[in-house]
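Read off the chains here:
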Amino acid sequence: MRKGREGFSFWKRIRFKYKISVFNENTLEEVWGLRLSKLSAFILLFVFSLFLVIVTSIIIIKTPIRNYLPGYLNSELRENIIHNALMLDSLEQVAASQTNYLNHIGAVLRGDINIDSIRPVDSLVWLEFDAIQKSERESLFVKNFEEEERYNLSVFPSVAPADNDLLLFFVKPVKGNVDSTQVSGYGIDIAVTSEQPVVASQEGTVVYVGYDVNRKYVMQIQHELGFSTLYTLLSSPLKKTGDRVETGEAIALMRGGTEKVPVVLHFEMWQNGNALNPAAYIVF
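Every chain is numbered on its own, with residues counted from 1 as its sequence reads. Selection of residues for local features in this predicted model requires a pLDDT of at least 70, selection of side-chain atom pairs for listing and counting requires 80 or more, and totals for whole chains, interfaces and linings are taken over all residues. Side-chain figures throughout are based on the complete set of non-hydrogen atoms in the structure, without hydrogens or water.

Asks: Sorry if this is basic, but what is going on with the overall build of the protein here?
Replies: A run of DSSP states H or I qualifies as a helix once it reaches four residues; a run of E qualifies as a strand once it reaches two. Both are numbered from the N-terminal end. Regarding its fold elements, the protein presents five helices and 13 strands. Residue burial is assigned from relative accessible area. The probe radius is 1.4 Å, only protein chains are included, and a residue is buried under 20% of its type maximum, exposed over 50%, and partly exposed in between. Across the 284 residues in the protein, those meeting the buried criterion constitute 21%. Counting only carbon and sulfur atoms, one obtains 60% of the accessible surface of the protein, whose full area is about 21600 Å². Methods summary: accessible areas were calculated by the Shrake-Rupley approach with a probe of 1.4 Å, and residue burial reflects only the protein chains presented.

Asks: Is there a simple way to think about the pairing of strand β6 (residues 204–212) in this case?
Replies: Regular strands have side chains that alternate between both faces of the sheet. Pairing geometry for β6 and strand β10 (residues 244–245), over two bridges, is antiparallel. Within β10, the residue paired with Gly 204 across the bridge is Val 245. Two elements, β6 and strand β7 (residues 216–222), share seven bridges in a ladder whose sense is antiparallel. Bridge assignment links Val 209 to a residue of β7, and that residue is Met 219. Only strands joined by at least two bridges in the DSSP assignment are considered to pair.

Asks: So what exactly am I meant to see when it comes to the nonpolar core here?
Replies: Among buried residues, those of type Ala, Val, Leu, Ile, Met, Phe, Trp, Tyr and Cys that are joined through side-chain atoms within 4.5 Å constitute a nonpolar core. With 24 residues, the main nonpolar core has Val 198, Ile 221, Tyr 231, Leu 234 and Ile 251 as its most contacted residues. Contributing elements (two or more residues each) for this core: β4 (188–192), β7, β8 (227–234), β11 (250–254) and β12 (263–271). The dominant element in this core, judged by the number of residues it contributes, is β12, at four residues. Residue contacts are counted whenever heavy atoms from the two residues lie within 4.5 Å of one another. Once residues lying within four places of it in the same chain are set aside, the contact partners of Ile 221 are Ala 200, Gln 202, Gly 204, Thr 205, Val 206, Val 207, Phe 227, Ser 228, Thr 229, Tyr 231, Val 245 and Ile 251.

Asks: Can you help me understand the packing of aromatic side chains in this one?
Replies: Note on aromatic pairs: each is described by the distance of the centres and the angle between the planes. Any pair of Phe, Tyr and Trp rings, taking the six-membered ring for Trp, is counted once the centres come within 6.5 Å. Such a pair is stacked with planes under 30 degrees apart, edge-to-face with planes over 60 apart, and tilted for the rest. Per the counting criterion, the structure on display carries five aromatic pairs. Seen in terms of ring centroids, Tyr 211 and Tyr 217 are 4.9 Å apart; in terms of plane orientation they differ by 70°. Their pairing is edge-to-face. Tyr 211 gets classed as exposed once you look at its relative accessible area, which sits at 55%. Three or more aromatic residues link up through ring pairs in this structure, and these residues are Phe 170, Phe 227 and Tyr 281.

Asks: When you look at the side chain of Ser 37 in this model, what are you seeing that I'm missing?
Replies: Here Ser 37 is to be found in strand β2 (residues 30–37). For Ser 37, the side chain forms a polar contact with the side chain of Ser 40, separated by 3.0 Å. With residues near it in sequence (within four places) discarded, Ser 37 still touches Ile 14, Arg 15, Phe 16, Lys 17 and Tyr 18. For this analysis, a polar contact is any N or O atom pair within 3.5 Å, provided that within protein one partner can donate a hydrogen and the other can accept it, and provided that sequence-adjacent residues contribute only side-chain to side-chain pairs.

What follows is the structure, given as structure tokens:
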């Protein structure tokens with residue numbers, strides 16, 4: 001009975017209302033008043049705290065502030081960081097090449113290059129031996145040859161060789177080991193054991209970028225002399241259709257591979273609609 005009275009007394013105390021009033025100092029008139037119990041004050045404080053937590057969570061989730069939280073760095077942001085790092089590296093190389101070119105042009109215009117350091121044409125074909133003296137016939141032949149070749153600056157044949165394959169040099173698209181060769185000869189599979197970029201095997205133009213359920217992201221690049229290369233099972237492309245790429249430039253990303261469970265890049269080479277064996281053109 002006593003416990004029941006104590007519980008009733010506690011419930012009565014927390015529900016007992018207090019009045020907070022604001023009076024006019026001159027007229028002693030009540031300007032504003034508030035009746036509030038301990039229970040009502042606790043409920044209002046709880047509702048205000050819950051509202052503050054909800055508003056703070058929405059601001060963090062819906063704004064870039066979430067990227068500053070540890071462990072919240074999403075895959076899209078990682079991909080953008082890698083893409084920007086690769087682009088920055090390419091821009092640094094281009095800027096260094098252009099700076100070097102401009103420095104040489106400036107040296108030529110200022111006359112800083114010592115002309116005496118350039119070997120004349122005669123010194124390229126004239127050799128003096130103390131032990132063996134040239135005969136008169138040999139001296140005449142050398143003189144005639146020098147006169148004919150004095151202004152011939154071409155070192156390449158005027159007609160391209162019949163085997164045009166020798167004019168293009170392809171590089172390995174990604175670091176890895178050849179996993180298997182298709183029986184039909186349509187390309188090879190390269191096992192990739194670490195996250196790394198896929199590079200263009202030869203300069204050209206991206207003619208297709210798409211996604212396939214079985215082959216993931218697919219990219220095709222058209223090169224000169226009817227050559228084209230096909231890259232499938234890509235994790236994330238870095239180029240779009242119509243982009244011009246250089247040899248060795250990053251075109252996509254491969255990620256998720258380990259030593260025990262590598263990911264696979266499928267690589268194909270074609271020329272004029274005929275499938276080629278990439279191992280015949282690239283050292284893997």
